[in-house]
Amino acid sequence: MKLIKLDAIDSTNDFLKSLAAYEELENFTVVTAENQTKGKGQRGSKWESEKGKNLIMSVLVKDFLFDNEKFFELSVIVSLSVIEVLKSLNIPELSIKWPNDIMSYNKKIGGILIENTIKSDGRIVSVVGLGLNVNQTNFDELPQASSLCVILNKTLDKEIFPALITDKIKEKIALWETSSSIFWQEYFNSLFRKGVPMPFKNLDDRNFMGIIQGVSSFGKIQILLEDDSVSEFDIKEIKMLY
């Protein structure tokens, strides 16, 4: 695994995408940073992280996705890889808040942002960005967030995570062809608040109740509505209220 360590950067995802555009990088090249000034989250949000405290990494994934209708398969692999590593460290009550926020109890401890580029020859190159709250303890401005340090009440070595997580991603990619149905089921079983009535907000800013049933192969969340119908929503079409 080629590892590029940076002190400060605007975005590890942008840095790795730019690098990959100009040179043929080794598959699973990883970029980490101590500080990120323009970290990105889902829906165009910012990813805030205290300097030097947390894991900020991006990993290049090539030769896995060959169909733009299957982009979400990589989200399943990465989410499960992070969950598996955290389970090995005894982080309790882990779940995946659709599409790929990592939760412990009802607190967000990590977020994943995958950006895909389709090359002129049709190849798909993915940059997987991961922010994981490791040793940050102050979340006054982020009441729904927590960290591994807060949960375990001890400081962790954040340098162990890039290799552990990347190895899990590699392992699951190698097994995907024969084990994809198992991985999908593990993803379903890990969904935050699955099967529990809860409020959502739609594009019209209206609240409604629903029950998460699962996720489609395209990555859309499937929700049982009060009229007993099941509707699918994209990430920009719905917000979970919890």
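What counts, and where the lines are drawn
Residues numbered from 1 in each chain as written. Predicted model: local features only at pLDDT ≥ 70, side-chain atom pairs only at ≥ 80, totals over all residues. Heavy atoms only, no water. Pairing = 2+ DSSP bridges. Helix = DSSP H or I, 4+ residues; strand = E, 2+ residues; numbered from the N terminus. Right-handed = clockwise from strand over helix to strand, strands pointing away. 1 Å grid on protein atoms, 1.4 Å probe; cavity = no way out; pocket = protein on both sides within 12 Å on 5 of 7 lines; lining within 4 Å. Points joined across faces, edges and corners; volume = space filled by probe spheres on them. Axes fitted to C-alpha atoms, helices over the stretch in contact; angles between N-to-C directions. Contact = heavy atoms within 4.5 Å. Salt bridge = Lys/Arg side-chain N within 4 Å of Asp/Glu carboxyl O. Buried < 20%, exposed > 50% of the residue type's maximum accessible area, 1.4 Å probe, protein only. Polar contact = N/O pair within 3.5 Å; in protein donor to acceptor, adjacent residues only side chain to side chain. Expected span 1.5 Å × (residues − 1). Nonpolar A, V, L, I, M, F, W, Y, C, P; charged D, E, K, R; others polar.

(A) Quick peek at the pairing of strand β1 (residues 3-9). When β1 meets strand β2 (residues 30-36), the two strands line up parallel, connected through six bridges. The residue bridging Leu3 from the neighbouring strand is Val30, located in β2. Once you follow β1 into helix α1 (residues 12-22) and on to β2, the crossover reads as right-handed.

(B) Spotlight on empty space enclosed by the protein. Enumeration according to the criterion identifies one cavity of 30 Å³ or more in this entry. Of the pockets and cavities examined, the largest cavity occupies roughly 30 Å³. Taken together, Asp63, Leu65, Phe66, Arg123 and Ile124 make up the full set of residues lining the largest cavity.

(C) Summary view of the sheet that holds strand β3 (residues 55-61). Spatially, the seven strands line up as an open sheet ordered β1-β2-β3-β7-β6-β5-β4, and their pairing is mixed. Single-partner strands in this sheet number two, and they are β1 and β4 (94-97). When the angles between neighbouring strand axes are averaged without regard to direction, this sheet yields 20 degrees. Of the pairings in the sheet, the one linking β3 to strand β7 (residues 124-132) comprises seven bridges and is antiparallel in character. Across the sheet, the residue bridging to Val59 is Val128, located in β7. Across the sheet, α1 is in contact with β1, β2, β3, β6 (107-118) and β7; its angle to β3 comes to roughly 30 degrees. Most of the contacts of helix α4 (residues 161-189) go to β3, to which it runs at about 60 degrees, and overall it touches β2, β3, β4 and β7.

(D) The pattern of salt bridges, seen in detail. Counted by the stated rule, this structure contains 14 salt bridges. Taking the shortest distance from any N to any O, the salt bridge between Lys17 and Glu115 comes out at 3.2 Å. Remark: Glu115 occurs in strand β6 and Lys17 occurs in helix α1; sequence separation between them is 98 residues. With its nearest N and O atoms 3.7 Å apart, the salt bridge here joins Lys201 to Asp205.

(E) Representation of the environment of Ser88 within the structure. As for its position among the elements, Ser88 is in helix α2 (residues 72-88). Overall, Ser88 belongs to the exposed group, its relative accessible area being 53%. Sequence separation between Ser88 and Ala145 is 57 residues, and the spatial gap between their C-alpha atoms is 21 Å. Polar side-chain contacts of Ser88 include one of 2.5 Å to the backbone oxygen of Val85.

(F) Highlighting α2. Given a rise of 1.5 Å per residue, 17 residues ought to cover 24 Å, and the 25 Å separating the end C-alpha atoms of α2 matches this to within 8%. Most of α2 is tucked away: 14 of the 17 residues are buried. At the exit of α2 stands Asn90, carrying a positive phi of roughly 65 degrees.

(G) View of the layout of surface pockets. Looking at the second largest pocket, its volume works out to about 460 Å³. In terms of lining residues, the second largest pocket is bounded by 18 residues, among which Phe71, Phe72, Ser75, Phe218 and Asp234 are the most central. Of all the secondary structure elements, the ones that give two or more residues to the lining of the second largest pocket are α2 and β6. Of all the elements, β6 adds the most residues to the lining of the second largest pocket, at three residues. Split into classes, the residues belonging to the lining of the second largest pocket amount to eight nonpolar, six polar and four charged.

(H) View of the side chain of Ser147. Relative to the helices and strands, Ser147 is located in the loop between β7 and α3 (148-152). With near-sequence residues (within four places) excluded, Ser147 lies in contact with Ile109, Asn133, Val134, Gln136 and Phe139.

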